[in-house]
Amino acid sequence: MTAAKILLVMLDEDARRLVARALQAAGFEAEAPAETGTDGLPRFAEPVEADAVLVDETALAVPALHDLLHRVPHLPVLLFAKQAGRETLMRAVRVGAIDLITPPVRYENLVQAVQRALTRRDAVRAWARAETRRHTQELRDHIDELKTLLEVGRILTSELDPDKVLTAIVNAAVDFTGAEESTLFLLDDQTGELYLRASRDLRSEAANTLRLKVNDSLAGQVVRSAKPVVLDSEAPEKIKTAYLVHALIYVPLRLHGRVIGVLGVDNREKRGGFTERHIARLSALADYAAIALDNAQLFTAAIHERRKLETVLRHIKEGVLVLDESGEVVLINDLARLVMEIPTEEQALGRHFVELCRSAEVEKGIQAALDGKEYRTEITAPDGRVFSLQVLPIPHVGAAGTFYDITHFKELDRIKSEFVSAVSHDLRSPLTAILGYVELLERAGPLTPMQQHFVERVRSSVQNITALINDLLDLGRIEAGFEVEKEVLSIATVVRYAVDGLLPQAEAKHQNLVTRIADNLPPIRGNAVRLRQMLDNIIGNAIKYTPEGGLIEVEAENRGDQIILRVRDNGPGIPANEQPYIFNKFFRGSNVASEQPGTGLGLAIVKSIVENHHGRVWVKSEVGKGTEFTVVLPGMENSGEPSPSSV
Ligand code: ADP
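A. Expanded view of the pattern of salt bridges. Summed over the entire model, instances satisfying the criterion amount to 47 salt bridges. As a salt-bridge pair, Arg-376 and Glu-374 come within 3.4 Å of each other at their nearest N and O atoms. For Arg-376, a relative accessible area of 58% puts it in the exposed group. The class for Glu-374 is partly exposed, based on a relative accessible area of 45%.

B. Broad picture of the pairing of strand 23 (residues 562-569). In terms of burial, strand 23 is largely enclosed, as six of its eight residues are buried. Linkage of strand 22 (residues 551-559) to strand 23, two consecutive antiparallel strands, is achieved through a turn of two residues, within which Gly-560 is found at a positive phi near 65 degrees. Where strand 23 and strand 25 (residues 626-634) come together, eight bridges link them in antiparallel fashion. Bridge assignment links Ile-564 to a residue of strand 25, and that residue is Val-632.

C. Inspection of the domain arrangement of the protein chain at higher detail. What the domain assignment reports for the protein chain is domain 1 (5-128), domain 2 (159-302), domain 3 (316-405), domain 4 (409-479) and domain 5 (483-638). Relative placement of domain 1 and domain 4: their C-alpha centres are 140 Å apart.

D. Focus on the sheet that holds strand 6 (residues 77-80). Within the open sheet, the five strands sit side by side as 2-1-5-6-7. Their pairing is parallel. One side of each edge strand has no neighbouring strand; the edge strands of this open sheet are strand 2 (29-31) and strand 7 (99-101). With strand direction ignored, the average angle separating the axes of adjacent strands in the sheet is 25 degrees. Each of strand 1 (5-9), strand 2, strand 5 (52-56) and strand 6 is contacted by helix 1 (residues 13-25), which is oriented at about 170 degrees to strand 1, the strand it contacts most.

E. Structural detail: the site of the ligand. Taken together, 20 residues are adjacent to the ligand, and Asn-541, Tyr-545, Asp-569, Arg-588 and Leu-603 come closest. A distance of 2.9 Å is found between an oxygen atom of the ligand and a backbone nitrogen or oxygen belonging to Gly-600. Protein contact buries 98% of the 530 Å² of open area that the ligand shows by itself. Given that more than half its atoms are within 2 Å of the pocket grid, the ligand belongs to the largest pocket. Contributions of two or more residues to the shell around the ligand are made by helix 14 (528-545), helix 15 (602-612) and strand 25.

F. The arrangement of the nonpolar core in detail. With 44 residues, the main nonpolar core has Ile-491, Leu-531, Met-534, Ile-539, Leu-565 and Leu-633 as its most contacted residues. Contributing elements (two or more residues each) for this core: helix 12 (449-479), helix 13 (491-508), helix 14, strand 22, strand 23, helix 15, strand 24 (616-622) and strand 25. Here this core spans two domains, since at least three of its residues come from each of domain 4 (409-479) and domain 5 (483-638). For Leu-565, the contacting residues outside a window of four places in its chain are Ile-491, Val-495, Met-534, Leu-535, Glu-555, Ala-556, Phe-629, Thr-630, Val-631 and Leu-633. Among the nonpolar cores identified, the runner-up in size contains 32 residues, and Val-152, Leu-156, Val-170 and Leu-255 belong to it.

G. Seen up close, the environment of Gly-365. With respect to the element layout, Gly-365 can be found in helix 10 (residues 360-370). A relative accessible area of 0% places Gly-365 in the buried class. Each C-alpha atom, one on Gly-365 and one on Leu-392, is 8.7 Å from the other, the two residues being 27 residues apart in sequence. Setting aside its immediate chain neighbours within four residues, Gly-365 contacts Tyr-375 and Val-391.

H. Geometry of a nonpolar patch on the surface. A surface patch of nonpolar side chains, about 390 Å² in accessible area, is lined by Tyr-404, Phe-409, Leu-412 and Ile-415. Looking at the nonpolar patch, the element that brings in the most residues is helix 11 (residues 407-444), giving three residues.

I. Focus on helix 13. Relative to the 26 Å expected for 18 residues at 1.5 Å per residue, helix 13 spans 26 Å between its end C-alpha atoms, a close match to the ideal helical length. Along helix 13, the helix axis deviates most sharply at Leu-502, where the bend reaches about 40 degrees; the proline Pro-504 sits within four residues downstream. Turning to helix 13, its buried residues number three or more, namely Ile-491, Ala-492, Thr-493, Val-494, Val-495, Ala-498, Val-499, Leu-502 and Ala-506. One or two residues past the end of helix 13 sits His-510, with phi positive at roughly 50 degrees.

J. Summary view of the packing of aromatic side chains. Scanning the entire structure with this criterion turns up three aromatic pairs. Here the aromatic rings of Phe-185 and Tyr-250 are separated by 6.3 Å at their centres, their planes lie at 90 degrees, and the arrangement is edge-to-face. Pair noted here: Phe-185 is in strand 8 (residues 181-187) and Tyr-250 is in strand 12 (residues 243-255), with a separation of 65 residues, a long-range link. Each member of the pair, Phe-185 as well as Tyr-250, is classed as buried. Where Tyr-581 meets Phe-587, the ring centres are 6.1 Å apart and the plane angle is 40 degrees; that geometry is what we call tilted. Phe-587 sits in the partly exposed class, given a relative accessible area of 25%.

K. Seen up close, the packing of helix 11 against helix 12. As a packed pair, helix 11 and helix 12 sit with axes 9 Å apart at the nearest point and diverge in direction by 155 degrees. Taken together, the axis directions place helix 11 and helix 12 in an arrangement best described as roughly antiparallel. Between helix 11 and helix 12 the crossing geometry is left-handed. Classifying every residue of the contact of helix 11 with helix 12 by side-chain character gives 14 nonpolar, six polar and four charged.

L. Representation of the sheet that holds strand 18 (residues 398-405) in the model. Spatially, five strands are ordered 15-14-18-17-16 in an open sheet, and the strand pairing comes out antiparallel. Looking at the sheet topology across the chains shown, the edges are occupied by strand 15 (329-332) and strand 16 (375-380). Adjacent strand axes in the sheet meet at a mean angle of 20 degrees when their direction is disregarded. Examined bridge by bridge, strand 14 (residues 319-324) and strand 15 share three bridges and lie antiparallel to one another. Following the sheet pairing, Val-322 is matched in strand 15 by Leu-331.

M. Local environment of the pairing of strand 6. Neither face of strand 6 is open: one carries Val-77 and Leu-79, the other Leu-78 and Phe-80, and all of them are buried. As judged from the four bridges shared by strand 5 and strand 6, these two strands associate in the parallel manner. Paired with Leu-54 across the two strands is Leu-78, which belongs to strand 6. For the segment spanning strand 5, helix 2 (residues 63-71) and strand 6, crossover handedness is right-handed. Across three bridges, the pairing between strand 6 and strand 7 is parallel. Its bridge partner lying in strand 7, Leu-78 is registered against Asp-99. What joins strand 6 to strand 7 is helix 3 (residues 86-95), and the crossover it makes is right-handed.

The rules we used
Residues numbered from 1 in each chain as written. Predicted model: local features only at pLDDT ≥ 70, side-chain atom pairs only at ≥ 80, totals over all residues. Heavy atoms only, no water. Salt bridge = Lys/Arg side-chain N within 4 Å of Asp/Glu carboxyl O. Buried < 20%, exposed > 50% of the residue type's maximum accessible area, 1.4 Å probe, protein only. Helix = DSSP H or I, 4+ residues; strand = E, 2+ residues; numbered from the N terminus. Pairing = 2+ DSSP bridges. Domains from an automatic or database assignment. Axes fitted to C-alpha atoms, helices over the stretch in contact; angles between N-to-C directions. Contact = heavy atoms within 4.5 Å. Near = heavy atom within 4 Å. Polar contact = N/O pair within 3.5 Å; in protein donor to acceptor, adjacent residues only side chain to side chain. Areas by Shrake-Rupley, 256 points an atom, 1.4 Å probe, with all protein chains shown as cover. 1 Å grid on protein atoms, 1.4 Å probe; cavity = no way out; pocket = protein on both sides within 12 Å on 5 of 7 lines; lining within 4 Å. Sits in = over half its atoms within 2 Å of the grid points. Core = buried A, V, L, I, M, F, W, Y, C linked by side-chain atoms within 4.5 Å. Patch = residues over 30% accessible without salt bridge, like charges linked within 9 Å, V, L, I, M, F, W, Y side chains within 5 Å. Expected span 1.5 Å × (residues − 1). Bend = angle between axes of the 7 residues up to and from the residue. Phe/Tyr/Trp six-rings, centres within 6.5 Å; stacked < 30°, edge-to-face > 60°. Parallel < 35°, antiparallel > 145°, perpendicular 65-115°, else oblique. Left-handed = near helix turned anticlockwise from the far one by under 90°. Nonpolar A, V, L, I, M, F, W, Y, C, P; charged D, E, K, R; others polar. Right-handed = clockwise from strand over helix to strand, strands pointing away.

And the structure:
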C-alpha cells in the first residue's frame, strides 16, 4: 500500500520542516507544493496528488490555495495555527478545515489528526463512488429501456400486418413490465364497446368474445379519461366478470388526440404491483403501438381497396388502361391487352406507352390525354372487332383509356344504311310516277278549285318525301365515302353560287343577305357539288329559321392556309342544351315550329361533307339573339398549284 501524501502549504519554513519530519516518521509522505509563482507563493499542479492538505495561517492568504480547495472539495484541510483564538477558529471554519493543530505540537496529536482527516476523506470518497455507481446504473437502465423501446418501435412500425403488430405489442408489454398477462382492447366505433383484439397468456375462456362497456368498466374509464388506470391491492379485485387480478395497469392507445383502445398488463398470481416506471414504459409502448396499428390498418385497407379495384377492372366488359403522368402503364386489363396486342400483363406494366403502342391512333390518343385533352377514336382489333377508344386525362394520376366493343353497333349501322338506301331507291320510282300523274291530272281536264287544292297538297307532300329520300341517299353515299372525287377549286366561287341560288328565298322573306369574301383565298381541293350542298344547307337553314326582315351574313376568309366560312343570322337561336345534338341525324330543335318543313338531316349532311374534306364545323348560338355556324376547311398552299377552275 502506498503511503498517504500530505501537502504542506506552510509559509513558515521552520514549522513546515518540523511537521514534515514528524509526518514522515509516522510513514506519511509530506511535501510542499512543487511549484512557486513569480510572486514567490506556491502553485498547485493539476491533478492534485494529495490525500490531505495542511495549511498554516499565513498560507491562508495564498489565492491559489482557495482555488485548489474549490476544485477538490473532498480534500480534507488541517489548519496549523500558532494559537487557538476566536479569530483563528473563524478562519478555520471559513476554509473548511476539519481540524486545528496548535503548539505545542505533539507527535501523536499530529499523526492522529492526519489519520482522522484521511479516514474522513476515505468516507467521502466511498460515498461519492457509491452515489456515482447508483446514478450510473440508473442511467444505464434508462438507456437500455430506451434502446428496447426503440427496437420495439422499429419492429412495430416496419410491420404492416395488423395481426403481427398486435402480437408484437402484447408481447412487448409483458416483457417491459414483467407482468403475467397482457391485453389489448380496441374501441368498436359502431357499438361504442371495447373488444379484446389481442392478448398474451390470458387465462380466460371468454377471451375471444370479451367485450366491455365503456361506461362501467375499468378499461372504459381509461377511454373516458384518456389517462392510465392503476390497480394495486392485496385482495384480488374483479375487473371483468369473474376475472380477478392483484395488480393492473391500463394505458390509453391514443391516435390523433383520440383514444382508440386500451393496452393493459396485469398480475393474477403475483402480489406487489407495478411501479411508476412500468406505467411510463407501457405508455411509451402504447404511443408506438397506436401509430403502428394505424399504419398497418391503413396499409391493409389500401391493399384491399386496390385489389377490389383491380378485380373490378379485370372483370369489366370494357378494356381498361391506366397510365401515370410520365406515360408508364400502371394498370391494364385483358381486353385492353388484346386490342393493343400485348401478350402478357408483365410486358405492359411499368413500360412507356410509346414502346407498347402498335396503333398510331392509340398512341395519339394517349399523348393527347397526357397533354390534358380528351380523345375519342375508333380502332380495329387484330381479331377484326371494332372498338371505340376514349382516353381521358385523370388529374394527379395521368390518363385512362377505355375500349368499348362497338362491332355489333357498326354492323347494325351498316345493315340500317343498306336498308335505308335500298328502300329509298325503291321509293323514288313510285314517287316519280305519282308526281308525273299529278302533273297529268291537270291536263286531263279542268279541275274544280277543291280538286286543284288537293292536287297541290299531293304535289307538295310528294316533294317533301322526295327531298327526304334524296337527303337519305346523299347521306348514305357521303358516309360510305363515295364521290370523293376532288379537284382544285375556288371556295369563293362556291360561296357566290350558293348565295346567288338562295337570294330569291331571302328576298321572299325580305331578309338582308350580306356576303363578305376576302381576296386571295387559297384554293382548296374538294368536291364542288358537295361543298355547295353543305353551304346550301347552312345558309338555307339561316333563311328558313330567321323571321321576315332578318339579317343573314355569309363570310369567307382565311387564316394562313385554312379557310374559314361563317354563316350568321339574327334568328331564334338554338337552346344550349340542344346544341350538342343538332348535327345528329333526324334531330330537330325545340326552337323551330313543327310545321316548318325539314328532315333533320341537313346538318348531318353538312358534318359528313366537312369531315370528308378534313375540316371541322361547330355552332355558336344564343336563344333570342341568333346563330353562327363556322366551317374550317384546309386550303392548299398558294404556290405552284394549278389555278382553280370555276364551279
Ligand atoms: P332541319 O333544318 O331539317 O330541321 P337540320 O339538320 O338542318 O334539320 O337542323 C337541325 C336543327 O338545328 C333544326 O331543326 C333547328 O332546330 C336547328 N337549326 C339549324 N340551323 C338553325 C338556325 N340557323 N337557327 C336556328 N336553329 C337552327
